[in-house]
Amino acid sequence: MPFDSPPPVEQVIVTAARLPPAAAEAAFSAVHLSERDLATTQRVDEAISRTPGVSLFRRTSSLSANPTTQGISLRAIAPSGAGRTLVTLDGVPLNDPFGGWVIWSQLAPESLSGVDIVRGAGAGPYGAGALTGVIGLKERDAGIAGDVSVGELGSRRASAAAVSTLGRFEVFGAALYDKSDGYVPVRGDARGAADTRTDLEAKSISGRIDMATGLGLLSLRGGFFEEDRGAGLVGARANASGNVLSATLVRAPRGQALGWRLQAWRRTSDLFNSSVAVAADRSFTTPANSQDKTPATGWGLNGALRQKIGGVEWELGADARLNDGEERERYGYSGGTYTRDRVAGGKTSVVGAYADGSWTTGPWLVAGGLRLDHWETTDGFRVERNALTGAVLVDRRPADRDGEVVSGRLGVTREIAGDAVVRLAGYTGFRPASLNELYRPFRVGNDVTEANAALEPERLEGLEAGVSRKGAKGLIEATAFWNRIEDPIVNVTLGAGPATFPIGGFIPAGGVLRQRQNAGTIDAVGLEGRADRKVGAVTLSSALSVTDARVDGGSTAPQLTGKRPAQAPIWSATAGLSAELTDRLTLATDLTWEGKRFEDDLNSRVLDPAYRLDARLNWRVRPLVTAYVAGDNLLDANIQTSRTADGVAGYAAPRVVRVGLRLAI
């Protein structure tokens with residue numbers, strides 16, 4: 001008996017499972033980084049941070065930054081270790097389920113085809129966490145890229161990513177190994193025997209299978225990462241690891257046919273982080289605490305329907321994110337051993353639904369969206385015991401809390417004469433506190449920051465107006481904006497050592513005690529601009545960000561009123577040049593400059609203005625192979641990244657020159 005022929009399957013061009021960009025995105029401030037932009041850097045965060053207004057918490061990149069300070073924010077309104085920006089990879093959040101930070105070593109630039117940076121509150125389809133915007137990473141869906149390099153500071157790096165078609169399947173794979181002996185952050189006479197290198201060893205691997213089905217494109221992805229690094233002080237180290245699994249089913253809208261996306265993901269992470277107390281003369285360190293484990297798990301679901309009829313495009317969707325985690329810590333070092341144990345953690349969740357859409361007619365584009373989210377903080381606890389006797393010293397069970405937040409966005413653009421576009425937009429957004437902010441205290445040197453289980457979500461509202469013009473020879477654009485964050489989560493200084501406090505315990509000389517608090521409001525006004533121009537074989541680029549952010553501490557923290565948020569510079573600028581010197585030889589340079597920052601909430605610790613020059617010379621050895629020599633911080637500038645209460649400054653990496661080979665197909 002003959003078998004029936006299988007039903008015909010619609011011919012589908014196989015790419016990574018994602019809906020095409022929505023027309024509404026053009027109404028908001030957005031920057032796109034191409035694969036070529038990413039190819040000139042070794043780390044994704046370094047490429048992104050070249051965009052003015054993009055703020056890593058400190059001036060250090062993931063080469064030397066502690067995992068807990070790898071948060072990213074937009075517009076320098078108020079950078080934080082947790083980050084105030086939602087970072088996604090083809091729709092799956094990369095923000096850590098416990099801390100909200102992003103471990104950038106889990107992805108290599110070679111594994112990506114581009115990055116979309118949307119500044120301003122996300123709202124619309126993005127939801128919780130997109131307080132100052134969204135960074136959308138797109139995984140490679142064609143070709144091969146590889147990079148091998150060695151350089152100063154004992155740096156060795158190898159990375160590769162490839163896509164291959166096997167019958168009905170498209171298979172993606174990527175791997176990264178990055179190692180550096182690091183550098184000592186403290187320099188000159190201030191350096192002591194306690195200061196050591198910020199060495200790094202990072203590795204990651206990921207894979208994806210895409211398959212066209214009768215229902216749409218199915219994509220299954222998995223990834224693993226681990227990084228181990230020194231913190232610049234004897235006895236202080238950090239190790240972060242995790243994995244992610246996701247499944248996505250997408251049917252792209254065609255003509256007036258309905259398109260849709262359904263996605264599920266699960267992310268786990270863990271963090272080891274040891275801290276030390278530093279002697280006044282920096283001659284030695286003493287163990288302060290050891291956060292031995294910080295296991296956390298995040299789950300998520302999201303779905304969307306999209307259709308375009310004439311000039312109208314609409315999208316309806318819903319999403320849910322749930323996080324569960326705790327920190328397990330030993331502290332109170334005395335007599336050669338830790339005398340106290342602490343376990344603290346809980347659960348957070350956000351469930352939301354949204355409607356988003358746009359209308360295009362002639363030179364006009366009108367776009368908007370509305371969201372309703374329900375957030376919860378549940379099952380919180382903090383238990384501390386005497387490690388020697390097992391006696392319970394603290395047992396806190398904060399009450400469960402929840403609430404609803406309505407957020408939205410509205411934007412209008414109009415094309416005018418000469419290929420110019422003007423636009424006006426308004427938006428609101430929110431970010432719930434992370435498990436880290438709610439439950440995990442931490443220590444850097446002699447400075448201690450306490451958690452706060454009573455934190456409320458941050459809320460943002462903003463307006464912006466912009467004009468841009470893009471032609472065959474280049475681009476010029478400018479955006480003015482106003483943003484206000486209500487109930488911003490700020491590390492508020494409570495006192496200085498040497499002293500003993502009801503929370504935080506004993507703080508040694510040269511240290512301060514802070515606690516995370518909702519501190520009034522932060523208002524920010526700013527201007528962003530960029531220009532690109534091609535002149536023959538030379539392309540010139542420049543960008544400027546001016547953001548004046550000020551805190552109103554209200555009755556909670558009146559001492560902060562009029563101060564600038566910590567780590568929020570007013571001025572930042574970049575200038576770049578790329579030139580085709582010959583058919584095979586190209587040169588690319590990037591100069592970045594930034595005004596002063598403040599290390600602390602009281603603006604008492606000043607970080608001087610800083611500049612950095614990076615350059616790269618490429619020689620095309622074969623059509624698909626390029627040899628290069630690159631210099632990071634080529635002028636060996638002293639870039640301050642931190643300052644202790646007693647005035648000791650820490651610095652970013654000195655000049656690093658490296659050579660390598662890059663393969664691109």
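Everything discussed here concerns the structure shown above.
**What to know about unusual backbone geometry**
Note the cis peptide between Gly 497 and Pro 498, where omega equals 5°. Of note, Arg 282 is a non-glycine position whose phi angle comes to about 55°, a positive value. Within the secondary structure, Arg 282 is located in the loop between β14 (259-278) and β15 (285-293). Non-glycine residue Gln 567 carries a positive phi angle of around 65°. The residue Gln 567 is located in the loop between β32 (538-552) and β33 (571-580) in this model. Here Gln 567 falls in the buried class, since its relative accessible area comes to 1%.

**Notes on the packing of aromatic side chains**
Counted under the stated rule, the structure contains one aromatic pair. Positioned above the aromatic ring of Tyr 331 is the side chain of Arg 342, whose terminal nitrogen or guanidinium carbon lies 4.1 Å from the ring centre.

**Focus on the pattern of salt bridges**
Side-chain pairing between opposite charges can occur once the charged atoms of the two side chains come close. With the rule as written, the count across this model stands at 51 salt bridges. The salt bridge involving Asp 199 is made with Arg 237; its shortest N-O contact spans 2.9 Å. Here Arg 237 lies in strand β13 (residues 237-251) and Asp 199 lies in the loop between β10 (169-180) and β11 (200-212), a separation of 38 residues in the sequence. Look at Asp 199 and you get partly exposed, because its relative accessible area is 24%. The closest approach of N and O atoms between Arg 382 and Glu 450, which form a salt bridge, is 3.0 Å. Placement of the pair is Arg 382 in strand β19 (residues 364-386) and Glu 450 in strand β24 (residues 447-450), with a sequence separation of 68 residues. Across the pair, exposure class does not vary: Arg 382 and Glu 450 are buried alike. Connected through salt bridges with shared partners, the residues Arg 75, Arg 119, Arg 423, Glu 464 and Glu 528 form a single ionic network.

**Some thoughts on a nonpolar patch on the surface**
Residues Leu 544, Trp 571, Leu 591, Trp 593, Tyr 611, Leu 634 and Leu 635 make up a contiguous nonpolar surface patch of roughly 640 Å² in combined accessible area. Relative to the helices and strands, Leu 591 resides in strand β34 (residues 585-594).

**Notes on the sheet that holds strand β23 (residues 442-444)**
Spatially, the four strands line up as an open sheet ordered β23-β24-β30-β27, and their pairing is mixed. The open sheet has two edge strands with one neighbour each: β23 and β27 (489-496). Strand-to-strand twist across the sheet, computed as the mean angle between neighbouring axes with direction ignored, equals 25°. With three bridges joining them, β24 and strand β30 (residues 512-518) adopt parallel strand pairing. Opposite Thr 449, over in β30, you have Arg 514 as the bridge partner.

Criteria and thresholds
Residues numbered from 1 in each chain as written. Predicted model: local features only at pLDDT ≥ 70, side-chain atom pairs only at ≥ 80, totals over all residues. Heavy atoms only, no water. Helix = DSSP H or I, 4+ residues; strand = E, 2+ residues; numbered from the N terminus. Buried < 20%, exposed > 50% of the residue type's maximum accessible area, 1.4 Å probe, protein only. Phe/Tyr/Trp six-rings, centres within 6.5 Å; stacked < 30°, edge-to-face > 60°. Lys NZ or Arg CZ within 6 Å of the ring centre and 35° of its normal. Salt bridge = Lys/Arg side-chain N within 4 Å of Asp/Glu carboxyl O. Patch = residues over 30% accessible without salt bridge, like charges linked within 9 Å, V, L, I, M, F, W, Y side chains within 5 Å. Areas by Shrake-Rupley, 256 points an atom, 1.4 Å probe, with all protein chains shown as cover. Pairing = 2+ DSSP bridges. Axes fitted to C-alpha atoms, helices over the stretch in contact; angles between N-to-C directions.

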